[in-house]
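# Commentary on secondary and tertiary structure
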Amino acid sequence: MPLDQKPLPAQPSAGSDPDRTDGQDAVGETAGTAEGATGIAGESGDAARAAAGPAAWDIRQAGPWTHRDLAANGARFHIAELGSGPLVLLVHGWPEYWWAWRHQLTALAEAGYRAVALDLRGIGGSDRTPRGYDPGNLALDITGVIRSLGENRAHLVGHASGGTLSWVAAVMRPSVIQSLTVVSAAHPRDLRRALLTDRRQMAAFEHVLGFQRPWIPERRLVADDAALVGRYLDAWTGRNQLDRAAVAAYRQAIQIPSTAHCSIEPYRWLLRSMARPDGIQFARRMKKPITAPTLHVQGASDPVLLSHTALGGGEYVAAPYRWRLMPGVGHFPHEEAPEEFTAELLDWIGRHKD
């Protein structure tokens, strides 16, 4: 078991009891804490809530969206859903959760789309399983959620680690991805090359190198009300800092038991697998061309994923490809410049609706 601390009591955003509607694919009626999320090593939702205490923080912020749980790929996933029409699935990066897409959820719904923001395995309200954090399995989580939503295809949007998984999903299940939008994420082969040869990118991934130690990273992430996560968020933005309410929400979310451990497991796989057969096989598999039209968005001031590392993803896309560099924007374009980013996204998926 990871050495996570219990989340401190906090007040969610106003009116934090969201209306719940369960559809055919919903799993159980869960509300309150990070419910429905089984604890690591198969801990039940009730046991996880008891361990967190009665004042545990609620990741299901209120809004016009609906919260529910879906079964996919052997686990249970929390989603926030709004609107009707073609499906747009939004996948967050680290250290965020579904709330990162609050601006895009409403904008997409108003534009006539069914917008769904997903909590990845081990994060937010989704299951915290003891294993399954390699990119292949996490990508199958994403495509499995699309199927569980009753859809055959979706416009897939992923940020940072969620963007990396979106690249993988487009390779593994090309028929499911109608269009791809990748934000602050290099193609996995480009990232692998940079982490082996580029000292600047290695230095930018210093936090990932620190994640390789056992137990200590988890304890540091949750210490002092997750102060380190707050410092990361502030340091990784450009001229437009994230609003304080969002930073506070991400700091609370990382403190939900087992989240710190589960959320960094993919980064451990990333580095530890480089010389292993599974990592080498994965890199070879990612040579397969991507057939989905791809929008690639990058903040010019991103200090985590450097622009020259991300540049060149079009080499792996055998379909329309657009590179969009946003000046003055850091690691979180969808939050730092939500109107500009959303306009770019809507234009792209609008061109590839059919």
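Preceding block: the structure.
Scanning the entire structure with this criterion turns up 2 cavities of 30 Å³ or more. Here the largest cavity is characterised by a volume of approximately 550 Å³. Residue lining of the largest cavity: 38 residues in total, with Ser161, Thr164, Leu191, Tyr267 and Leu270 positioned closest to the centre. Among the secondary structure elements, those contributing two or more residues to the lining of the largest cavity are helix H3 (135-148), helix H4 (161-172), helix H5 (188-197), helix H10 (259-272) and helix H11 (277-285). At 6 residues, H10 tops the list of elements feeding residues into the lining of the largest cavity. Among the residues making up the lining of the largest cavity, the classes are represented as 25 nonpolar, 10 polar and 3 charged. If you add up the space inside the second largest cavity, you get close to 50 Å³. Secondary-structure elements contributing two or more residues to the lining of the second largest cavity are helix H9 (244-254) and H10. For the lining of the second largest cavity, the per-class residue count stands at 5 nonpolar, 3 polar and 1 charged.

Turning our eyes to something else, we now look at the sheet that holds strand E1 (residues 66-72). Spatial strand order, E1-E2-E4-E3-E5-E6-E7-E8: 8 strands in an open sheet with mixed pairing. Strand pairing shows two members of the sheet lacking a second neighbour, E1 and strand E8 (321-326), which therefore form its edges. Between one strand and the next, the sheet's axes are offset by a mean angle of 20 degrees, whatever the strand orientation. Examined bridge by bridge, strand E2 (residues 75-82) and strand E4 (residues 114-118) share 4 bridges and lie antiparallel to one another. The residue of E4 that forms the bridge with Glu81 is Val116. Relative to E1, H3 is tilted by about 110 degrees, and along the sheet it contacts E1, E2, strand E3 (87-91), E4, strand E5 (154-159) and strand E6 (177-183). Most of the contacts of H4 go to E5, to which it runs at about 145 degrees, and overall it touches E3, E5, E6 and strand E7 (294-299).

In this section: the layout of surface pockets. Here the second largest pocket defines a volume of roughly 200 Å³. Every residue lining the second largest pocket is counted, 15 residues in all, and those nearest its centre are Glu206, His207, Arg220, Leu228 and Tyr232. Those elements giving two or more residues to the lining of the second largest pocket turn out to be helix H6 (199-204), helix H7 (206-210) and helix H8 (216-235). The biggest single contributor to the lining of the second largest pocket is H8, with 7 residues.

The next thing to look at is the pairing of E6. Most of E6 sits inside the fold, with 7 of its 7 residues counted as buried. In the sheet, E6 pairs with E7 via 4 bridges, with the strands oriented parallel. Within the sheet, the bridge partner assigned to Leu180 lies in E7 and is Thr294.

Glancing now at H4. Given a rise of 1.5 Å per residue, 12 residues ought to cover 16 Å, and the 17 Å separating the end C-alpha atoms of H4 matches this to within 8%. Along H4, 12 of the 12 residues are buried, which leaves the element largely enclosed by surrounding structure. Here H4 has its buried residues at Ser161, Gly162, Gly163, Thr164, Leu165, Ser166, Trp167, Val168, Ala169, Ala170, Val171 and Met172.

As a further point, take the environment of Arg213. Within the element layout of this structure, Arg213 appears in the loop between H7 and H8. Taking relative accessible area as the criterion, Arg213 reaches 39% and is therefore assigned partly exposed. A sequence separation of 55 residues divides Arg213 from Arg268, and the C-alpha atoms of the two residues are 8.8 Å apart. Sequence-distant contacts of Arg213, defined by excluding residues within four places in its chain, comprise Arg220, Arg268 and Arg272.

Attention now moves to the packing of H8 against H10. Interaxial distance between H8 and H10 falls to 10 Å at its minimum, and their mutual angle equals 130 degrees. Taken together, the axis directions place H8 and H10 in an arrangement best described as oblique. In the packing of H8 onto H10, the handedness of the crossing is right-handed. When H8 is examined against H10, the residues Pro217, Glu218, Leu221 and Val222 are found in contact with a partner set consisting of Ala260, His261, Ile264 and Arg268. Of the residues that constitute the contact of H8 with H10, the class distribution is 5 nonpolar, 1 polar and 2 charged.

Here the focus is the packing of H5 against H11. Relative orientation of the contacting elements H5 and H11 amounts to 130 degrees, with a least axis distance of 9 Å. In this view, H5 runs oblique relative to H11, as classed from their interaxial angle. Crossing of H5 over H11 shows left-handed handedness. Every residue of H11 that contacts H5 at Pro188, Arg189 and Arg192 is listed here: Gly279, Ile280, Phe282, Ala283 and Arg284. A class-by-class count of the residues in the contact of H5 with H11 yields 4 nonpolar, 1 polar and 3 charged.

What counts as what
- Residues numbered from 1 in each chain as written.
- Predicted model: local features only at pLDDT ≥ 70, side-chain atom pairs only at ≥ 80, totals over all residues.
- Heavy atoms only, no water.
- 1 Å grid on protein atoms, 1.4 Å probe; cavity = no way out; pocket = protein on both sides within 12 Å on 5 of 7 lines; lining within 4 Å.
- Points joined across faces, edges and corners; volume = space filled by probe spheres on them.
- Helix = DSSP H or I, 4+ residues; strand = E, 2+ residues; numbered from the N terminus.
- Nonpolar A, V, L, I, M, F, W, Y, C, P; charged D, E, K, R; others polar.
- Pairing = 2+ DSSP bridges.
- Axes fitted to C-alpha atoms, helices over the stretch in contact; angles between N-to-C directions.
- Contact = heavy atoms within 4.5 Å.
- Buried < 20%, exposed > 50% of the residue type's maximum accessible area, 1.4 Å probe, protein only.
- Expected span 1.5 Å × (residues − 1).
- Parallel < 35°, antiparallel > 145°, perpendicular 65-115°, else oblique.
- Left-handed = near helix turned anticlockwise from the far one by under 90°.

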